[in-house]
Amino acid sequence: MHVVATAGHVDHGKSTLVRALTGMEPDRLEEERRRGLTIELGYAWTDLPSGERLAFVDVPGHERFLGTMLAGVGPVPAVMFVVAADEGWMPQSEEHLVALEALGVRHCLLVVTRSDLADPAPAIERSRTRLTTALGGRAHTCPDAVLGGEAGGVVAVAVSGRTGQGLPELRRALDGLVAGLPRPDPGAAVRLWIDRAFSVTGSGTVVTGTLPAGTVSVGDELLLAGEPVRVRGLESLKESRDTVSGVARVAVNLRGHDLPDRGQALVTPGGWTYTDLVDVRVQPVGALQEAAGLPRRLTVHVGSAAVTAEARPLGGRVVRLRLGRPVPLHLGDVLLLRDPGRAPGRDPGRDRSEVRVLAGALVLDVHPPALRRRGAARERAALLETALPKRAAPPAPPALGGLDVAFALRVHRLLRAAELRAMGVAPDGPGVAGEWYVEPGHWEELGRRLMEVVREYGDGHPLEPGMPVEAARHELGLPDRRLVGALVRPPLALVGGRIVAGAAGLPASVGRAVERVRRELAARPFQAPEAGRLAELGLGPRELAAAVRAGSLLRVGEGIVLLPGADARAAELLRRLPQPFTVSQARRALDTTRRVAVPLLEHLDRVGLTQRLDEVHRRCG
Ligand SMILES: Nc1nc2c(ncn2[C@@H]2O[C@H](COP(=O)(O)OP(=O)(O)OP(=O)(O)O)[C@@H](O)[C@H]2O)c(=O)[nH]1
Ligand SMILES: [Mg+2]
């Protein structure tokens, strides 16, 4: 199935055309039929010559219902743009076009109707030029844009909804339009913006919307305004279904739930970030010249939602929006910014041709940090601009925005897999540690800083056997110890919960051998490797001397090496013995042999950690 929305000035014949194409009545309300005016969104569908099923979301053209028009167009990938031959391009034609431009809708078919009343040629000419400049002008961002005709502009069809003239051509053109639409991912996270909610006797609450991608099935648990709800039943185009994948019109039964408002969304748990603070990159459209000219108070439209917002320009085109309520968003979502200042009808002095749509806004961050320092706003704007992939020409639809895991990490440096998923940029490979993903340059920098802090710690605490992992985590400002663990690479080593600066400056093969010794010592701290073992590892007197100089090993006697700090640790154990003690008692306490115990005790005597009392006795502490 495909879904296409209508667009165009009031009374230009949108609903008449939908009726003629589908045989269904898009204007369901009695008031609509009485006034001959669309007020609410209308739904109808037909089968095209190719056999593809096409559903229409018919929008109102009256300027007062712009919000409803945007709710209809918001989640829909393509538009049938209707212009009356006898009236030509009109203010809401322009306003709707500017909205499509802002939203990044690039799939558009021009239909000049009421051709029985006037020659369609002038209206085609004027509208085609305008549509092509606004939408086709950025065709390089959308290679499959529906362009056509000799001039390479938007495809145009002349019809009459009254006489039926041109309808077969229109059906074929619609087939061409939907054939060019991207195939959405059925595995994508679901976000069904609710455009209608009602109660059905016996079934309870039903909500409807356009599902742009992903799959909804009966029994699924989704979130509605952050609260879990169960899908009790499902329909698409009046047919009962067990499962529906986008693009599709769907009606979801949420038995027992209160009636939600339009603009709420049903979403996959964990698939979206609910946020009321976003940093965006603004693309002015219509009359707005630059981001700095945005009014402070705005209405933000996304999907079928319209929320109030306060805008704070951060620098260049980057703007921070504080939304009136949290909405589920992804990086790369496109918001439409509208001036709420002058509501139509309430301000008779308003120029009726004025377009209230101001800009499209590409969501760059759904978790922006607080900006406290002077200059922080500018730095933030610069960071976001430089993190953007170079080829992107935002705002563009998500698939075209090119915002991916790498972008999110350039902005945040360090994120959990779940956070990335909720931002809409699910990682495909493994992280650096557990669920953590880190920007590669930052990871390298952290590795260098860890080396530094471990060295500094060693200098400040010469008697300790290395830096505790928790102290390093704190020093580097990391949120998880596992990250520190993953950063420990030679010449650093993890020994008994501490990080020791290993064989820095040694040749790689020696470094590796020293690491082996250090690992063995970590398990049995006072069982110094025997001469045979050292020889086997290629560690002769010269190599051992270098390792000792590098601070990787501690030499306590001829050919006897232990981990740095082993002497302090030995003193700690010896202090607990009944004083004075003998070599044998020390040997047992340290779980070692005389081969090590004797030179180690002599070393302890030398550094003052033990005192020799006579031939057999020593004291410690
Ligand atoms: N002669 C003629 N009249 C038409 C044609 N299409 C629509 N009309 C008339 O134009 C008027 C408006 O038609 P609608 O289809 O309601 O227009 P609309 O664009 O849906 O209007 P809104 O939804 O309110 O924006 C109606 O009186 C229709 O009968 C056409 O092709 N030829
Ligand atoms: Mg209508």
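Rules used in this analysis
Residues numbered from 1 in each chain as written. Chains lettered and ligands numbered in written order. Predicted model: local features only at pLDDT ≥ 70, side-chain atom pairs only at ≥ 80, totals over all residues. Heavy atoms only, no water. Pairing = 2+ DSSP bridges. Helix = DSSP H or I, 4+ residues; strand = E, 2+ residues; numbered from the N terminus. Axes fitted to C-alpha atoms, helices over the stretch in contact; angles between N-to-C directions. Contact = heavy atoms within 4.5 Å. Near = heavy atom within 4 Å. Polar contact = N/O pair within 3.5 Å; in protein donor to acceptor, adjacent residues only side chain to side chain. Areas by Shrake-Rupley, 256 points an atom, 1.4 Å probe, with all protein chains shown as cover. Nonpolar A, V, L, I, M, F, W, Y, C, P; charged D, E, K, R; others polar. Buried < 20%, exposed > 50% of the residue type's maximum accessible area, 1.4 Å probe, protein only. Donors = N, O, S within 2.8 Å, 3.2 Å for Na, K, Ca; no water. Patch = residues over 30% accessible without salt bridge, like charges linked within 9 Å, V, L, I, M, F, W, Y side chains within 5 Å. Salt bridge = Lys/Arg side-chain N within 4 Å of Asp/Glu carboxyl O. Lys, Arg positive; Asp, Glu negative; His and termini not counted. Charge placed at Lys NZ, Arg CZ, Asp CG, Glu CD. pLDDT = per-residue confidence, 0-100. Phe/Tyr/Trp six-rings, centres within 6.5 Å; stacked < 30°, edge-to-face > 60°. Right-handed = clockwise from strand over helix to strand, strands pointing away. Parallel < 35°, antiparallel > 145°, perpendicular 65-115°, else oblique. Left-handed = near helix turned anticlockwise from the far one by under 90°.

Peer 1: Help me understand the sheet that holds strand β22 (residues 305–315), please; the structure alone is not making it clear to me.
Peer 2: By way of backbone hydrogen bonds, the strands of a sheet pair with one another, either parallel or antiparallel. Reading around the barrel, the six strands line up as β20-β23-β22-β21-β24-β25 and close back on themselves, with antiparallel pairing between neighbours. Mean inter-strand twist for the sheet, computed between neighbouring axes without regard to direction, equals 40°. Where strand β24 (residues 334–338) lies against strand β25 (residues 357–365), five bridges are found, and the strand directions are antiparallel. Considered in β25, the bridge of Arg 338 is made with Val 357. Sheet strands touched by helix α3 (residues 66–73): β21 (297–302), β24 and β25. Its angle to β24, the strand with the most contacts, is close to 175°. In this fold helix α4 (residues 91–103) packs onto β24 and β25, with an angle of close to 10° to the strand it touches most, β25.

Peer 1: Which parts of the structure should I look at to understand the site of ligand 1?
Peer 2: Around ligand 1, a shell composed of 18 residues is seen, among which Lys 14, Thr 16, Thr 38, Asp 116 and Gly 161 lie nearest. Take Ser 160: an N or O atom from its side chain is 3.4 Å from an oxygen atom of ligand 1. A distance of 2.7 Å separates an oxygen atom of ligand 1 from a polar atom in the backbone of Gly 161. Contact with the protein chains covers 86% of the free accessible surface of ligand 1, which is 650 Å². Top contributing element to the shell around ligand 1 by residue count: helix α1 (residues 14–22), with three residues. Split into classes, the residues belonging to the shell around ligand 1 amount to four nonpolar, nine polar and five charged.

Peer 1: Quick question: what am I supposed to make of the environment of Leu 66 here?
Peer 2: Here Leu 66 lies in helix α3. Residue Leu 66 is classed as buried on the basis of its relative accessible area, which comes to 2%. C-alpha separation for the pair Leu 66 and Gly 511, spaced 445 residues apart in sequence, amounts to 70 Å.

Peer 1: When you look at the coordination of the magnesium ion (ligand 2) in this model, what are you seeing that I'm missing?
Peer 2: Tetrahedral coordination by four donors places them ideally at 109.5 degrees to one another around the metal; octahedral coordination by six donors ideally gives 90 or 180 degrees. Donor atoms from the polypeptide that bind the magnesium ion (ligand 2) are Ser 15 (OG) and Thr 38 (OG1), placed at 2.0 Å. One end of the pair, Ser 15, is in helix α1; the other, Thr 38, is in the loop between α2 (30–35) and β2 (42–47), with 23 residues separating them in the sequence. Its relative accessible area of 10% is what places Thr 38 among the buried residues.

Peer 1: Looking at this structure, I do not really get the pairing of strand β3 (residues 53–58). What am I missing?
Peer 2: Residues in a regular strand point their side chains to alternate faces of the sheet. Of all six residues in β3, five are buried; the element is thus mostly enclosed. By the bridge criterion, four bridges tie strand β1 (residues 2–7) to β3 in an arrangement that is parallel. Pairing of Val 3 across the sheet is with Ala 55, part of β3. As judged from the six bridges shared by β2 and β3, these two strands associate in the antiparallel manner.

Peer 1: Hey, could you run me through a negative patch on the surface in this one?
Peer 2: Taken together, Glu 452, Glu 456, Asp 459 and Glu 475 make up a surface patch of like negative charges. It is helix α11 (residues 440–460) that contributes the most residues to the negative patch, three residues altogether. Structurally, Glu 475 is set in helix α12 (residues 469–476).

Peer 1: Honestly, the confidence of the model for the protein chain in this entry has me stumped. Any pointers?
Peer 2: Per-chain confidence: the protein chain averages 88 in pLDDT, with 91% of residues scoring 70 or above. Per-element mean pLDDT across the protein chain ranges from 39 in strand β6 (residues 147–148) up to 98 in strand β12 (residues 215–217). Segment residues 137–151: pLDDT under 50, and 34 contacts once partners within four positions in sequence are set aside and those in other chains are kept. Note on residues 392–400: pLDDT is under 50 here. Beyond four places in sequence and across chains, it has 26 contacts.

Peer 1: Even after reading the chapter, I still don't get the packing of aromatic side chains, so can you show me in this structure?
Peer 2: Two aromatic rings, taken as a pair, are described by how far apart their centres are and by the angle between their planes. Under the counting rule described, the total for this entry stands at one aromatic pair. On the numbers, 5.6 Å between centres and 10° between planes, the contact of Phe 81 with Trp 89 is stacked. We note that Phe 81, like Trp 89, is buried.

Peer 1: Sorry if this is basic, but what is going on with the side chain of Thr 299 here?
Peer 2: Take Thr 299: it is sitting in strand β21. When near neighbours in sequence (up to four residues on either side) are disregarded, Thr 299 contacts Ala 306, Val 307, Leu 336, Leu 337, Arg 338 and Pro 340.

Peer 1: In this structure, what is going on with the sheet that holds strand β14 (residues 227–230)? I would like to understand it.
Peer 2: The four strands lie next to each other as β9-β19-β13-β14, forming an open sheet whose pairing is antiparallel. Bordering the open sheet on either side are β9 (191–193) and β14, each of which pairs with just one other strand. For this sheet, the mean inter-axis angle between neighbouring strands, taken without regard to orientation, is 30°. Inspection of the sheet shows strand β13 (residues 221–224) paired to β14 by four bridges, in the antiparallel sense. Residue pairing in the sheet places Leu 224 in a bridge with Glu 227 of β14.

Peer 1: Looking at this structure, I do not really get the pairing of strand β4 (residues 78–84). What am I missing?
Peer 2: In terms of residue burial, β4 counts as a mostly covered element, since seven of its seven residues are buried. Residue alternation in β4 divides its side chains into two sets, Ala 78, Met 80, Val 82 and Ala 84 and Val 79, Phe 81 and Val 83, and both sets are buried. For β4 and strand β5 (residues 107–113), the ladder comprises seven bridges, and the chain directions are parallel. Across the sheet, residue Val 79 finds its bridge partner in β5, namely Cys 108. The parallel pair β4 and β5 is bridged by α4, and the resulting crossover is right-handed.

Peer 1: What exactly am I supposed to notice about the packing of α11 against α12 here?
Peer 2: Viewed as axis vectors pointing N to C, α11 and α12 meet at an angle of 125°, and their least axial separation amounts to 10 Å. By the angle between their directions, the pair α11 and α12 is classed as oblique. In the crossing of α11 with α12, the sense of the turn from one axis to the other is right-handed. Listed contacts from α12 to Leu 446, Arg 449, Leu 450 and Val 453 of α11 are Ala 472, Glu 475 and Leu 476.

Peer 1: I keep staring at the pattern of salt bridges and nothing clicks. Help me out?
Peer 2: Close approach of charged atoms allows side chains of opposite charge to pair. All chains considered together, the criterion is met by 32 salt bridges. Arg 518 is the partner of Glu 515 in a salt bridge, and the nearest nitrogen-oxygen pair spans 3.6 Å. Here Glu 515 pairs with Arg 518, and both are found in helix α14 (residues 508–523), just three residues apart, close to one helical turn. You can call Arg 518 buried: its relative accessible area is 1%. Where salt bridges share partners, they join Asp 279, Arg 320, Asp 365 and Arg 380 into one cluster.

Peer 1: Mind showing me how you'd approach unusual backbone geometry here?
Peer 2: Residues apart from glycine generally show negative phi values, whereas peptide bonds are mostly found in trans. Val 247 follows Gly 246 through a cis peptide bond whose omega is 5°. Within the fold, Val 247 resides in the loop between β17 (243–245) and β18 (248–253). In this structure, the amide linkage connecting Gln 579 to the following residue, Pro 580, adopts the cis form with an omega of -15°. Assignment of secondary structure puts Pro 580 in the loop between α17 (566–575) and α18 (583–589). Positive phi outside glycine occurs at Leu 237, with the angle close to 50°.

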